[in-house]
Amino acid sequence: MATTFSTRELVAGGIFVAAGAYFALESLNYKLGTAFRMGPGYIPLLLGSVLALLGVGIAASGWQKPAGDKLLPVPWRGLVLVLATIGFFGATVRGLGFVPVAFISAFATALASRLNSPLFAALLAVALTVLCTLIFKIGLGLGVPMFGPWLGQ
């Protein structure tokens, strides 16, 4: 009897296993320590191992599934908007400041989905900007100005 498996889940599981194994093996170059006195390699070893185990689980879950994987079209709009937003954030956060860049980045990323309207994207961007400002600027004291020199601050 021929065994069927989902190629998509096998490949996804393999990627997770490879990434997890890489980080776990690289963490062995650092001092591990113990659970109570963690060294710099402890968390990467732990997270890499968990990632590899999740990959094994993903690959195993596709073992008895039918092999009829249909390729979906590449979501170019989302891919371009998310990647461009990451570059925009890094290139402009010091010049524009944290608040405008966080808002623009959240707005553009929300528009990456065709299911979001511009109104919802704006509301989401406002909420995320307020939350990120509270967490990173006020709570953690991030050393980036709220409004940057490009805006006359």
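Computed from a predicted structure; not experimentally measured.

Asker: Would you explain the overall build of the protein in this entry?
Answerer: The helix and strand tally for the protein stands at 5 helices and 0 strands. Helices (α) and strands (β) of the protein occur, in sequence order from the N terminus, as α-α-α-α-α. Taking 15 Å as the expected radius of gyration for a compact globule of 153 residues, we find that the protein reaches 21 Å, considerably beyond that expectation. Counted over contacts in the protein with a minimum sequence separation of 6, partners at least 24 positions apart contribute 64%. Surface summary for the protein: the accessible area is close to 10,500 Å², and the carbon and sulfur share equals 76%.

Asker: Help me understand the packing of aromatic side chains, please; the structure alone is not making it clear to me.
Answerer: Given two aromatic rings, one states the distance between the centres and the angle between the planes to describe the pair. Under the counting rule described, the total for this entry stands at 3 aromatic pairs. Ring geometry for F103 versus F107: centroids 6.2 Å apart, planes at 15°, classification stacked. A residue pair is termed a helical-turn pair when its members lie 3 or 4 positions apart in one helix, as F103 and F107 do in helix α4 (residues 98-110) at 4 residues. Look at F103 and you get partly exposed, because its relative accessible area is 30%. The exposure class assigned to F107 is partly exposed, which follows from its relative accessible area of 26%.

Asker: Looking at this model, I keep getting lost on the packing of α4 against helix α5 (residues 118-139). Mind explaining?
Answerer: The description of two packed helices rests on the angle between their axes and on the distance between the axes. For the pair α4 and α5, the least separation of the axes is 8 Å and the interaxial angle reads 140°. Viewed along their axes, α4 and α5 adopt a mutual orientation that is oblique. The chirality of how α4 crosses α5 is right-handed. Counting all contacts with α4, which are made through F98, V99, A102, F103, A106, F107 and A110, the residues of α5 involved are P118, A121, A122, L124, A125, V126, L128, T129, C132, T133, F136 and K137. Classifying every residue of the contact of α4 with α5 gives 16 nonpolar, 2 polar and 1 charged.

Asker: I would appreciate a short explanation of the nonpolar core in the present structure.
Answerer: Where a protein is soluble and globular, its nonpolar side chains tend to be buried together. Ranked by size, the top nonpolar core spans 6 residues in total: V93, L96, F98, V101, A102 and V144. At the level of secondary structure, the elements contributing two or more residues to this core comprise α3 (76-96) and α4. If you tally residues by element for this core, the top one is α4, at 3 residues. The residues contacting V144, other than those within four sequence positions of it, are V93, R94, F98 and K137.

Asker: Could you clarify how one ought to interpret α3 in this entry?
Answerer: Given 3.6 residues per helical turn, the α-helix brings residues three or four places apart onto the same face. Along α3, the sharpest change in direction is near 35° and occurs at G90. Every buried residue of α3 is listed here: G78, T85, T92, V93, G95 and L96. Of the residues trailing α3, G97 is marked for its positive phi of about 100°.

Asker: Just checking my understanding: could you explain the confidence of the model for the protein for this structure?
Answerer: Interpretation of the predicted coordinates at a detailed level should be avoided for regions scoring low in pLDDT. For the protein, the average pLDDT comes to 90, and 95% of its residues sit at 70 or higher. Summarising per-element confidence for the protein, the mean pLDDT is lowest in helix α1 (residues 7-27) (92) and highest in α4 (97).

Asker: Which parts of the structure should I look at to understand the side chain of E9?
Answerer: For E9, the position within the fold is in helix α1. A polar atom in the side chain of E9 sits 2.8 Å from the side chain of S61. Setting aside its immediate chain neighbours within four residues, E9 contacts I58, A59, S61, G62 and K65.

Procedures and definitions
Residues numbered from 1 in each chain as written. Predicted model: local features only at pLDDT ≥ 70, side-chain atom pairs only at ≥ 80, totals over all residues. Heavy atoms only, no water. Helix = DSSP H or I, 4+ residues; strand = E, 2+ residues; numbered from the N terminus. Rg over C-alpha atoms; globule rule 2.2 N^0.38 Å. Contact = heavy atoms within 4.5 Å. Areas by Shrake-Rupley, 256 points an atom, 1.4 Å probe, with all protein chains shown as cover. Phe/Tyr/Trp six-rings, centres within 6.5 Å; stacked < 30°, edge-to-face > 60°. Buried < 20%, exposed > 50% of the residue type's maximum accessible area, 1.4 Å probe, protein only. Axes fitted to C-alpha atoms, helices over the stretch in contact; angles between N-to-C directions. Parallel < 35°, antiparallel > 145°, perpendicular 65-115°, else oblique. Left-handed = near helix turned anticlockwise from the far one by under 90°. Nonpolar A, V, L, I, M, F, W, Y, C, P; charged D, E, K, R; others polar. Core = buried A, V, L, I, M, F, W, Y, C linked by side-chain atoms within 4.5 Å. Bend = angle between axes of the 7 residues up to and from the residue. pLDDT = per-residue confidence, 0-100. Polar contact = N/O pair within 3.5 Å; in protein donor to acceptor, adjacent residues only side chain to side chain.

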